[in-house]
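Understanding the architecture of this molecule
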Amino acid sequence: CTPFGPGCGFCVPIPPTAGAPNAQFQNLGAVRNQGIEVTLNTQVFTGSNFSWDATLTGSFLKNRLTDLGGQAPINLNGTDQRAVEGYVLGGYWARSIKGWSDANGDGVISGTEVQITDTLEFQGASQPTRELGLNTSMGFLSGRVRVAAQLDYRGGHKLYNLNEEFRCRSQFNCIGMYDANASEFERVRAVAVAFAPAAVRTNAGYFEDAEFLKLREVSVTLQAPDAWTQRLGLGRASLTVAGRNLHTWTGYSGLDPELNGQGQGNFAQREFLTQPPTRNFSARLNVNF
């Protein structure tokens, strides 16, 4: 078995004399999850020609690894994500960028002019700690026309922008190196990962705030008048046109704050060579005979 299994299971060797596999998972640790989930359903307005209803859902979670059974911190994906007692499971860890200055006054921040810690430090949670969702719909003309929309919000976490980090560290071809309009921090994080002294190079600048709000879906449904369907010998007929993943509001600089290039890894959360969710449109015709 691998060093870190489901939950807080730890791979423990078994003496050969036991006549069993040479290792098994044992639950040596303890995790505490505290949170709240809320749902609010409301009919905002009800009338003969107009109606409006909305459903708001939310969850807020605090996760902590309270006991690791005396084991040292466990690396989950290299050293980028770790299980460390007292911290959130799967949190991001790296040497931190503490500051920088153009000490020699040449107008360029070099690798030795970036202050980086000697030890790994907690950078943030890899999973959302708060989520909100809003589903709302409006009916017009006695329900003949219905407009519905869905908004999704997630926050309190970060995402490892490995796409950009890889371009800087391995390809030397990223925004921080070649874009004259790049921010100072863009340039500094590129220097820290590619040109700082090898012993302290860090990818900390690429653990970005992944908070986002998405217009997940909008749909419009048109109900055919009864006179039309009766002439055609039909029961009811409706046409629905919908769009999904229509817009994202976020400060994340990568392709999409929902990306995960290592979906089957244990707690793995990073953007790397992965297609973002697509924007798509659909039309559906429903007919009852």
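Details of the structure are given in the entry above.
Because the structure is a prediction, the values reported are computed rather than measured. (Residues numbered from 1 in each chain as written. Predicted model: local features only at pLDDT ≥ 70, side-chain atom pairs only at ≥ 80, totals over all residues. Heavy atoms only, no water.)

The secondary structure content of the chain amounts to four helices and 16 strands. Taking 19 Å as the expected radius of gyration for a compact globule of 289 residues, we find that the chain reaches 26 Å, considerably beyond that expectation. Taken along the three principal axes of its C-alpha coordinates, the chain extends 80 × 65 × 30 Å. Looking at the 289 residues of the chain, the share that counts as buried comes to 35%. Pairs at least 24 residues apart make up 60% of the contacts formed inside the chain by residues separated by at least 6 positions. (Helix = DSSP H or I, 4+ residues; strand = E, 2+ residues; numbered from the N terminus. Rg over C-alpha atoms; globule rule 2.2 N^0.38 Å. Buried < 20%, exposed > 50% of the residue type's maximum accessible area, 1.4 Å probe, protein only. Contact = heavy atoms within 4.5 Å.)

Bringing helix α1 (residues 162–171) into the picture now. For α1, the complete set of buried residues consists of Leu162, Asn163, Glu164, Glu165 and Cys168. Immediately beyond the C-terminal end of α1, within one or two residues, lies Phe172, with a positive phi of roughly 50 degrees.

Attention shifts here to the packing of aromatic side chains. Taken as a whole and judged by the stated rule, the model has ten aromatic pairs. A ring pair is formed by Phe45 and Phe50, whose centres lie 5.7 Å apart and whose planes are at 35 degrees; its orientation type is tilted. By relative accessible area, which is 27% here, Phe50 ends up partly exposed. Taken together, the aromatic side chains of Phe45, Phe50 and Phe140 make up a single cluster linked through ring pairs. The side chain of Arg82 reaches across the aromatic face of Trp93, ending 5.9 Å from its centre. In this structure, Lys214 packs its charged tip against the face of Phe212, placed 5.7 Å from the ring centre. (Phe/Tyr/Trp six-rings, centres within 6.5 Å; stacked < 30°, edge-to-face > 60°. Lys NZ or Arg CZ within 6 Å of the ring centre and 35° of its normal.)

Right, let's talk about the sheet that holds strand β14 (residues 237–250) for a bit. Overall, antiparallel pairing links the seven strands, which are arranged β3-β4-β9-β10-β13-β14-β16 in an open sheet. Both edges of this open sheet fall to β3 (30–46) and β16 (280–287), since each of them pairs with a single strand only. Ignoring strand direction, the axes of neighbouring strands in this sheet form an average angle of 10 degrees. Bridge analysis of β3 against strand β4 (residues 50–67) gives 16 bridges, and the strand direction is antiparallel. (Pairing = 2+ DSSP bridges. Axes fitted to C-alpha atoms, helices over the stretch in contact; angles between N-to-C directions.)

Before going further, it helps to spend a moment on the pairing of strand β11 (residues 158–161). Of the pairings in the sheet, the one linking β11 to strand β12 (residues 207–209) comprises three bridges and is antiparallel in character. Following the sheet pairing, Leu159 is matched in β12 by Glu208. Judged from the two bridges that link them, β11 and strand β15 (residues 270–271) form a sheet pairing that is parallel. Directly across from Tyr160, in β15, lies its bridge partner Arg270.

What follows covers the nonpolar core. Residues Tyr160, Cys168 and Tyr206 are the most contacted members of the largest nonpolar core, which totals 15 residues. At the level of secondary structure, the elements contributing two or more residues to this core comprise β7 (91–100), β11, α1 and α3 (184–194). At three residues, the largest contribution of residues to this core is made by α3. Those residues in contact with Tyr160, other than ones at most four positions away along the chain, are Asp80, Tyr92, Glu165, Asn203, Tyr206, Phe207, Tyr252, Gln269, Arg270 and Glu271. (Core = buried A, V, L, I, M, F, W, Y, C linked by side-chain atoms within 4.5 Å.)

The next subject is the state of the cysteines. Inspection of the entire model under this criterion finds one disulfide. Between the sulfur atoms of Cys168 and its disulfide partner Cys174 the distance amounts to 1.9 Å. A torsion of 105 degrees about the S-S bond marks the disulfide between Cys168 and Cys174 as right-handed. Under the relative-accessibility criterion, Cys168 is labelled buried at 1%. (Disulfide = S-S within 2.5 Å.)

To continue, consider the environment of Arg169. Positionally, Arg169 belongs in helix α1. Take Arg169: its relative accessible area is 36%, and that puts it in the partly exposed class. In this view, Arg169 contacts Leu162, Val193 and Ala194; residues no more than four positions away in its chain are not counted.

Two numbers describe how α1 lies on α3: the axes approach to 8 Å, and their chain directions differ by 60 degrees. In this view, α1 runs oblique relative to α3, as classed from their interaxial angle. Relative to α3, α1 is oriented so that their crossing is right-handed. Together, Glu164, Glu165, Cys168 and Arg169 of α1 and Arg189, Ala190, Val193 and Ala194 of α3 make up the contact between the two elements. When the residues that make up the contact of α1 with α3 are grouped by side-chain class, the tally is four nonpolar, no polar and four charged. (Parallel < 35°, antiparallel > 145°, perpendicular 65-115°, else oblique. Left-handed = near helix turned anticlockwise from the far one by under 90°. Nonpolar A, V, L, I, M, F, W, Y, C, P; charged D, E, K, R; others polar.)

Purely geometric stuff here, so don't read any function into it on its own.
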